[in-house]
Amino acid sequence: MLKPQGYATIVDPERPLTEFDTVQCCHCNCVIRVKPGTASTVYLIFDEVAWRWIEEPGASCWHCMQPVCLRCHDLGVCRPLERQLQESERIGRQLLAR
Amino acid sequence: MGAFVVEANRTASATLPVGSQIADATRPRRGKLYDIMFGSEASPADNPFLWRVQRITAAGTSTAVTPTMVDPGDVATEADAGENHTIDATATANAILLSVPLNQRATFRWVAAPGSELVYPSTASNGFAVYTPTSSAVAVTTTWFVLEM
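About the cut-offs
Residues numbered from 1 in each chain as written. Chains lettered and ligands numbered in written order. Predicted model: local features only at pLDDT ≥ 70, side-chain atom pairs only at ≥ 80, totals over all residues. Heavy atoms only, no water. Contact = heavy atoms within 4.5 Å. Buried area = accessible area lost by both parts, 1.4 Å probe. Salt bridge = Lys/Arg side-chain N within 4 Å of Asp/Glu carboxyl O. Helix = DSSP H or I, 4+ residues; strand = E, 2+ residues; numbered from the N terminus. Nonpolar A, V, L, I, M, F, W, Y, C, P; charged D, E, K, R; others polar. Pairing = 2+ DSSP bridges. Buried < 20%, exposed > 50% of the residue type's maximum accessible area, 1.4 Å probe, protein only. Disulfide = S-S within 2.5 Å. Axes fitted to C-alpha atoms, helices over the stretch in contact; angles between N-to-C directions.

Draft legend 1. Up close: the interface of chain A and chain B. On the chain B side, the residues contacting the 31 residues of chain A number 36 residues. Carbon and sulfur atoms make up 53% of the area that chain A and chain B hide from each other, which totals about 2400 Å². At the junction of chain A with chain B, the criterion picks out four salt bridges. The partner of Arg30 of chain B in a salt bridge is Glu82 of chain A, with the nearest N and O atoms 3.1 Å apart. Listed by contribution, the elements that provide at least two residues to the side of chain A that touches chain B are β1 (6-11), β2 (18-24) and α2 (81-97) of chain A. In terms of residues, the side of chain A that touches chain B owes the most to one element, α2 of chain A, which gives eight residues. Split by residue class, the side of chain A that touches chain B holds 16 nonpolar, nine polar and six charged. Here β1 of chain A runs beside strand β9 (residues 107-112) of chain B; their pairing, made up of six bridges, is antiparallel. Residue pairing for β9 of chain B: Thr9 of chain A is matched across the bridge by Arg109 of chain B.

Right under this line is the structure:
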């Protein structure tokens, strides 16, 4: 994909090298595996119960104009990562100042 | 500001982290994880593993690991790292940054593009931990690179 936000490899001695691009959720910063050739419109989500990868439609924040994970998409509010970090740091500074 | 690397080892546990990385309690600085590797150095076997990188707000109890600066000329990092936890870190619910299923005999590596690193805030004792919620009790290792701001 154009401009991937991450790149991952899995080296298994009994299988061919597995490579895939990832994108970042612009709200929670989590790493999302994307299906090749879909321009990050299809996410590959790991189902821990069935123990397999499943395809899910991707999501994006129309304020940030960046991909978001499905959990942040379900929340339905725009909470940019930088804002969350700054809020956490502000609270931390207040606690340290006491 | 400099980059450092941490290697953490333990016998995999389904409840305790392999390793953790937090901002210092009194001199916190923001950190950006840009490269991480998971694997097992045990005898090759076909056991399922699930590796997770999750945000934490306290490191728990662990064996201290001294981060190694990538450039020896850089000032030593303020961040604190640990491995082989005996008391779990305080993980933030639903704040899973990376979740990877992996065969025991396989090795995984993820590298961030510039500007897309996993970031922890400059808040005292905030950081991330690496868990193996699905695992077999074998020796595992994780190595990560962090750029401290």
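Draft legend 2. Local environment of the pattern of salt bridges. Per the counting criterion, the structure on display carries nine salt bridges over all chains. Measuring nitrogen to oxygen at the nearest pair gives 2.8 Å for the salt bridge that ties Arg30 of chain B to Glu89 of chain A. In this pair, Arg30 of chain B sits in the loop between β2 (19-22) and β3 (31-40) while Glu89 of chain A sits in helix α2, so the two residues belong to two different chains. The burial state of Arg30 of chain B is the same as that of Glu89 of chain A; both residues are buried.

Draft legend 3. Geometry of the environment of Ala81 of chain B. All names here are of chain B. Within the secondary structure layout, Ala81 lies in strand β7 (residues 80-87). Residue Ala81 is classed as buried on the basis of its relative accessible area of 11%. Each C-alpha atom of the pair Ala81 and Ser20 lies 5.5 Å from the other, and the pair is 61 residues apart in sequence. Every residue in contact with Ala81, bar those within four places of it in the chain, is listed here: Val6, Ser20, Gln21, Thr63, Ala64, Val65 and Pro67.

Draft legend 4. Geometry of the state of the cysteines. Residue and element names in this part refer to chain A. Inspection of the entire model under this criterion finds zero disulfides over all chains. Looking at Cys64, it has no disulfide partner, and the nearest cysteine sulfur is the one in Cys78, 3.5 Å off. Left unpaired, Cys69 is separated from the closest cysteine sulfur, that of Cys72, by 3.5 Å.

Draft legend 5. Looking closely at the sheet that holds strand β8 (residues 90-103) of chain B. Residues and elements named next belong to chain B. Pairing in this open sheet of six strands is antiparallel, and the strands run β5-β7-β2-β11-β4-β8 from one edge to the other. Whereas interior strands pair on both sides, the edge strands pair on one side only; in this sheet they are β5 (61-65) and β8. Strand-to-strand, the axes of this sheet are offset by a mean angle of 30°, without reference to chain direction. Pairing of strand β4 (residues 48-58) with β8, which is carried by nine bridges, proceeds in the antiparallel orientation. What sits directly across from Ala58, in β8, is Thr90.

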